[in-house]
Amino acid sequence: ERVIDMAARMPGKAREVGWRPLPEEAQHMGFANLGAAVRPQRDVTVYALALVESPTRQRVRLMIGASGAVKAFVNGQLALADSTYHPARLDQMGAQVTLQPGVNRILLKVANADAALGFFARLARGNGDGARVKTVDSVIPPPAVKPGDKPAPIEPGIATLERRAKSEKRPAAQSEAYYELALAF
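Everything numeric in this text was worked out from a predicted model, so none of it was measured.

In the sheet, strand 5 (residues 44-54) pairs with strand 10 (residues 102-112) via eleven bridges, with the strands oriented antiparallel. Looking at the pairing, valine 52 lines up with asparagine 104 of strand 10. Bridge count between strand 5 and strand 12 (residues 134-135): two bridges; the pairing is antiparallel. The residue bridging glutamate 53 from the neighbouring strand is lysine 134, located in strand 12.

Structural data, given as structure tokens:
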């Protein structure tokens, strides 16, 4: 998890494994379907690497929803970890992380038992809008930049929606809040 060698081959559960790009057709509506790229798909641990370029040093929210236990590292620093096994849902958990100017590495480690193997991941500003970054399409990642400020946990999106729905006093607004919560599932 500290050193990423894209050319390395390692012993896998059923055969030798290595890094490879996720096919474009395996990405749908924000879900990265890792099961389309690896065999077997059950009782496995898979790594996924994203390279994002930030124009400035910025503090953003890393939001993750994974099918099983997950760890997320930003520029080599553990940003969040969840040891529970569950289906992937948008914004299940998140952390405030620091992106450095230039190319940043986001590494996910997903351990899957029997759900659809994959994850949702996004970078957002404090208001939930997308962060000002662009993805970098590269087979060989650049040298890692230094880690930023210590990651800080944030309230998951579902918890935010639940709190909003329960605290809303106006019936119409409360109905709308519960509708948004239902859509999240």
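Okay, back to it.
Moving on: the environment of leucine 22. With respect to the helices and strands, leucine 22 occurs in the loop between strand 2 (16-18) and strand 3 (27-28). As a C-alpha pair, leucine 22 and alanine 48 span 26 residues in sequence and 8.8 Å in three-dimensional space. For leucine 22, the residues in contact, after removing those within four places along its chain, are Gln27, Ala32, Asn33, Leu34 and Ala37.

One finds Leu62, Ile64, Phe119 and Leu123 to be the most contacted residues of the largest nonpolar core, which totals 27 residues. For this core, the secondary-structure elements that each account for two or more residues are strand 5, strand 6 (58-66), strand 7 (69-74), strand 8 (77-82), strand 9 (93-99), strand 10 and strand 11 (118-124). If we ignore the near neighbours within four places in the chain, the residues touching leucine 62 are Ala72, Val74, Ala79, Leu80, Met93, Gly94, Ala95, Val97, Ile106, Arg122 and Leu123.

Reading across the sheet, the six strands line up as 3-4-11-6-9-13 and stay open at both edges, with antiparallel pairing between neighbours. Strand pairing shows two members of the sheet lacking a second neighbour, strand 3 and strand 13 (152-154), which therefore form its edges. As judged from the seven bridges shared by strand 6 and strand 9, these two strands associate in the antiparallel manner. Considered in strand 9, the bridge of leucine 62 is made with alanine 95.

What counts, and at which threshold
Residues numbered from 1 in each chain as written. Predicted model: local features only at pLDDT ≥ 70, side-chain atom pairs only at ≥ 80, totals over all residues. Heavy atoms only, no water. Pairing = 2+ DSSP bridges. Helix = DSSP H or I, 4+ residues; strand = E, 2+ residues; numbered from the N terminus. Contact = heavy atoms within 4.5 Å. Core = buried A, V, L, I, M, F, W, Y, C linked by side-chain atoms within 4.5 Å. Buried < 20%, exposed > 50% of the residue type's maximum accessible area, 1.4 Å probe, protein only.

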